[in-house]
Amino acid sequence: MLISQSCLCDILISMPLGLHLTINIRKIDLSRVKYLVLDESDKLFELGLLKQINSVVKACSNPSIICSLFSATLPDFIEDLACTIMHDGVCVIVGTKNTASKSIKQKLVFAGSEEGDYLHFIKASRRV
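Engineer: How should I be thinking about helix α1 (residues 16-24) in this particular structure?
Structural biologist: Each turn of an α-helix holds 3.6 residues, which means side chains three or four residues apart point in the same direction. Restricting attention to buried positions, one finds in α1 the residues Pro16, Leu19, His20, Thr22 and Ile23. Here the buried residues of α1 occupy an arc of 165 degrees about the axis, which is enough to place them on one side. Looking at the buried positions of α1, the neighbouring elements they touch are α2 (41-46) and α3 (50-59). Trailing α1 by a residue or two, Arg26 shows a phi angle of about 55 degrees, which is positive.

Engineer: Just checking my understanding: could you explain the environment of Ala82 for this structure?
Structural biologist: You can see Ala82 is positioned in helix α4 (residues 76-83). Along the sequence, Ala82 and Asp42 sit 40 residues apart, while their C-alpha atoms lie 8.6 Å from each other. Those residues in contact with Ala82 that lie beyond four places of it in its chain are Phe45 and Leu69.

Engineer: Even after reading the chapter, I still don't get the packing of α1 against α3, so can you show me in this structure?
Structural biologist: Helix packing geometry: the angle between the two helix axes and the distance between the axes. Two numbers describe how α1 lies on α3: the axes approach to 9 Å, and their chain directions differ by 55 degrees. The pairing of α1 with α3 is recorded here as oblique in orientation. Like other packed secondary-structure pairs, α1 and α3 cross with a definite hand, here left-handed. Contacts between α1 and α3 involve Pro16, Leu17, Leu19, His20, Ile23 and Asn24 on the former and, on the latter, Lys51, Gln52, Ile53, Ser55, Val56 and Ala59. Within the contact of α1 with α3, the residues separate by chemical class into seven nonpolar, four polar and one charged.

Thresholds, definitions, all that
- For every chain, the first residue of the written sequence is number 1, and numbering continues from 1 along that sequence.
- Selection of residues for local features in this predicted model requires a pLDDT of at least 70, selection of side-chain atom pairs for listing and counting requires 80 or more, and totals for whole chains, interfaces and linings are taken over all residues.
- Derived side-chain values reflect all non-hydrogen atoms in the structure, with water molecules and hydrogen atoms excluded from consideration.
- Using a 1.4 Å probe on the protein chains alone, a residue whose accessible area is under 20% of its type maximum counts as buried, one over 50% counts as exposed, and one in between counts as partly exposed.
- Helix and strand assignments come from DSSP, with helices taken as H or I runs of at least 4 residues and strands as E runs of at least 2, each series counted from the N terminus.
- Throughout, the arc means the angular range of directions from the helix axis out to the C-beta atoms.
- It only takes one pair of heavy atoms within 4.5 Å for two residues to be counted as in contact.
- For helices, the fitted axis covers only the stretch in contact; all axes are lines through C-alpha atoms, and the angles between them, taken along N-to-C directions, range from 0 to 180 degrees.
- Here the angle decides the label: under 35 degrees means roughly parallel, over 145 means roughly antiparallel, 65 to 115 means roughly perpendicular, and every other value means oblique.
- A clockwise turn of the near helix away from the far one marks a right-handed crossing, whereas an anticlockwise turn of less than a right angle marks a left-handed crossing.
- Three categories are distinguished: nonpolar for Ala, Val, Leu, Ile, Met, Phe, Trp, Tyr, Cys and Pro, charged for Asp, Glu, Lys and Arg, and polar for the others, with Gly belonging to the last.

Written out as structure tokens, the structure is:
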């Protein structure tokens, strides 16, 4: 991740460790972040990234920040960890808690490159 001090952006996508390290060397200011989204949050907490996640949440010091966590499954112990960074959180469950929906088809596709990923996505999206 390459970020200069003069860099302003509307959207920043990062893994927690990379962002944590960038915050620690004071290369980024997250004090005006309005929305913080943690996708696959169950995996982030399971992988022991709580220190990095806490660092990012603390750096996002805007008092009106909206923090959203998304996950297909969220075990109770992970939900408890998530509550440590959420204030007045709301949990939305679609279907049965911690159960994958039977109506969703999943497929694992290996691609040799980013271009391969993109081409597969284009082909798959045309079939929908």
